[in-house]
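Spelled out, the chains give:
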Amino acid sequence: MSSPAAPATGQRTILDVADIVEFLAIHGIVSGIQRVVIEVYKHLVNDDEVMPAFYSHDPRGFIELDHERFNHIVAKLAEGAPATEVRELAKELRRNRESQAPIHFAAGDVLLVL
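As the structure is a computational prediction, the values presented were derived from the model and not from experiment.

About the cut-offs
- Residues numbered from 1 in each chain as written.
- Predicted model: local features only at pLDDT ≥ 70, side-chain atom pairs only at ≥ 80, totals over all residues.
- Heavy atoms only, no water.
- Pairing = 2+ DSSP bridges.
- Helix = DSSP H or I, 4+ residues; strand = E, 2+ residues; numbered from the N terminus.
- Axes fitted to C-alpha atoms, helices over the stretch in contact; angles between N-to-C directions.
- Patch = residues over 30% accessible without salt bridge, like charges linked within 9 Å, V, L, I, M, F, W, Y side chains within 5 Å.
- Areas by Shrake-Rupley, 256 points an atom, 1.4 Å probe, with all protein chains shown as cover.
- Salt bridge = Lys/Arg side-chain N within 4 Å of Asp/Glu carboxyl O.
- Buried < 20%, exposed > 50% of the residue type's maximum accessible area, 1.4 Å probe, protein only.

Student: When you look at the sheet that holds strand S4 (residues 110-112) in this model, what are you seeing that I'm missing?
Tutor: Strands belonging to one sheet form pairs held by backbone hydrogen bonds; the direction of such a pair is parallel or antiparallel. The sheet built from four strands is open, its strands ordered S3-S2-S1-S4 with mixed pairing. Since the sheet does not close on itself, it has two edges, and those belong to strand S3 (61-64) and S4, each with one partner. With direction set aside, neighbouring strand axes in the sheet form an average angle of 35°. Strand direction decides the pairing type here: strand S2 (residues 50-56) and S3, joined by four bridges, are antiparallel. Across the sheet, Ala-53 pairs through a bridge with Glu-64, a residue of S3.

Student: How should a nonpolar patch on the surface be read in this particular structure?
Tutor: On the surface, a nonpolar cluster with roughly 260 Å² of combined accessible area is contributed by Ile-33, Val-36 and Leu-114. Structurally, Ile-33 is set in helix H2 (residues 33-47). Overall, Ile-33 belongs to the partly exposed group, its relative accessible area being 39%.

Here's what the structure looks like:
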């Protein structure tokens, strides 16, 4: 996991993927806005540094999700993995977010919430 500290210079793109994780944890497939957010993520991950984030309703606010685990879920969706497998991966990622540190936003950061 990369550090949640803000960079000294430059810009980060922070994408809220909470809806995807929650939807997948229940359904194991994407539909509608979740599909759009995944396509935006795939585009950004190829062109920029993008940070998958999840809004936590506790005082931490936005937290950074584990990039490798989220990328693994996106890859499983692309290869057509069974919904039960994707559902379990999303549940694991959702449980893991409780141990994540908050994101500290800096000037120039871009937060995308779709």
